[in-house]
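Residue-level structure breakdown
What follows is each chain in one-letter form.
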Amino acid sequence: TVCPWTIYQVYGDKKILEEHYEGMVKWVEFCLANSKDFIRPKFGFGDWLSVNAWTAQDVLATQYFAYSTKILAKTAKILGKEQDYEKYNQLFENIKAAFNKAFVEPDGKVVNYTQTAYVLSIAFGLLDEEKTKLAAEHLVADIEKMNYHLTSGFLGTKDLMTTLTAIGRADIAYKLFHQDSYPGWNFSIKHGATSIWERWDGWTPENGFADAGMNSFAHYSFGAVAEWIFKTVGGIDTDGAGFKKIIIKPQPGGKLTWAKTSYNSINGLIATDWKINDGVFILDVTIPANTTATICIPTTDPQSVKMDGKKIDFKCENGFAIIESGSGKYKFQSQIKH
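Everything in this summary refers to the structure shown in the same document. (Residues numbered from 1 in each chain as written. Predicted model: local features only at pLDDT ≥ 70, side-chain atom pairs only at ≥ 80, totals over all residues. Heavy atoms only, no water.)

Section: the overall build of the chain
Per the secondary structure count, the chain includes 10 helices and 13 strands. By principal-axis analysis of the C-alpha atoms, the chain measures approximately 60 × 55 × 40 Å. Burial status across the chain gives 47% buried among its 338 residues. Considering only intrachain contacts with a sequence separation of at least 6, the fraction spanning at least 24 residues in the chain is 61%. Surface summary for the chain: the accessible area is close to 16600 Å², and the carbon and sulfur share equals 53%. For the chain, the separation between the mean place of its 36 positive charges and that of its 38 negative charges on side chains is 3 Å. (Helix = DSSP H or I, 4+ residues; strand = E, 2+ residues; numbered from the N terminus. Buried < 20%, exposed > 50% of the residue type's maximum accessible area, 1.4 Å probe, protein only. Contact = heavy atoms within 4.5 Å. Areas by Shrake-Rupley, 256 points an atom, 1.4 Å probe, with all protein chains shown as cover. Lys, Arg positive; Asp, Glu negative; His and termini not counted. Charge placed at Lys NZ, Arg CZ, Asp CG, Glu CD.)

What follows is the structure, given as structure tokens:
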């Protein structure tokens, strides 16, 4: 379910969903048939290579059962299969209710109180609004308790940074991003990494190299942070499938004072290039032909916002000036506290 859906989001081609719909249905039905009261049993390797944090495999398997079902319901809607949409949307609600009954406490704590358990519950929409807020607080508290280190493995790391940003805590995500002690991305960079390691402890000063039987130094999973880099640092995202309508929303933070990001989308090159000079945020944007964009400029002074050196009309929301734009190249500037 995840791969066809992700490819559709990037390219906007329904054919990938049509080709794989039967397989998506079979997978969700298999999960249902091998569940008890909508709870999946232990399955797979779990949150592989997590650090001093263990998330029960039935929690993870049920979270992904729910996520697959949610994707299938959305796919059915897109393909005009209304009866299937109703069926699988209801199934998602049933799994969500069962998950909350089995694994979520009244104060929003999710068994086993790990970063991964909180992240996936929030990212997959398994909590109501109040419990989402509480779980977000528990997630941040755990990261702070770990002195701004992550504990997530292959499953949790994928959604950790984007979830922190979605709950309004990009500041915490930046602290993880810059963390140069174990475990963290900059720990490996500090020790000579030029690509993402398979393990957080692929090499440490104390123990040297990890077991050579499983210790790749060019591995994707923890490299999933690149999604957050493109979306949050670079500010490039799609609004709907296929980058036909684009979101440009860079969110500067941490130690960064500039970022240059480009993505060669199905509709052409999308690029952002921003820097901060003496409290002035300057952003160059490229939007490809035959697309539109919502451009969000961070600012602490709406009166300072300019496009191509001129004052413009825009609406302001949550510290961003929001401008609707067509294709072209633009330069924006604004006052910003950094």
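Quick look at the nonpolar core
Of all hydrophobic cores here, the largest spans 82 residues; its most connected members are L164 and I248. Among the elements that line this core, the one with the most residues is helix 3 (residues 57-78), at 8 residues. Those residues in contact with L164, other than ones at most four positions away along the chain, are L139, V140, I143, R169, A170, I172, A173 and L176. (Core = buried A, V, L, I, M, F, W, Y, C linked by side-chain atoms within 4.5 Å.)

Describing the pattern of salt bridges
A complete count under the given rule lists 11 salt bridges for this structure. The partner of K158 in a salt bridge is E227, and the shortest N-O contact between them spans 3.0 Å. Of this pair, K158 sits in helix 7 (residues 154-166) while E227 is found in helix 10 (residues 225-233), placing the two residues 69 residues apart along the sequence. Taking relative accessible area as the criterion, E227 reaches 26% and is therefore assigned partly exposed. The partner of K331 in a salt bridge is D284, with the nearest N and O atoms 2.9 Å apart. Residue K331 is found in strand 13 (residues 328-335), and its partner D284 is found in strand 7 (residues 280-287); the two are separated by 47 residues along the sequence. Residues joined by salt bridges that share partners form a network here, namely K158, D159, E227 and K231. (Salt bridge = Lys/Arg side-chain N within 4 Å of Asp/Glu carboxyl O.)

With respect to the environment of K310
Within the fold, K310 resides in strand 10 (residues 310-311). Assessed through its relative accessible area of 60%, K310 is described here as exposed. For the pair K310 and Q333, spaced 23 residues apart in the sequence, the C-alpha separation amounts to 9.7 Å.

Some remarks on the sheet that holds strand 10
In space, the 6 strands of this open sheet follow the order 5-6-7-13-9-10, with antiparallel pairing throughout. Each edge of the sheet is formed by a strand with only one pairing partner; in this case those strands are strand 5 (258-265) and strand 10. (Pairing = 2+ DSSP bridges.)

Side note on helix 5 (residues 115-123)
The element helix 5 is extensively covered by neighbouring structure, given that 8 of its 9 residues are classed as buried. When we look at burial in helix 5, the residues that qualify are Q115, T116, A117, Y118, V119, L120, S121 and I122. Residues of helix 5 that are buried make contact with helix 3, helix 4 (82-103), helix 6 (129-145) and helix 7. One or two steps after helix 5, the chain reaches G125, where phi turns positive at roughly 70°.

Notes on the side chain of H178
As for its placement among the helices and strands, H178 is situated in helix 8 (residues 170-178). H178 has contacts with N186, G253, G254, K255 and L256, leaving out every residue within four places of it along the chain.

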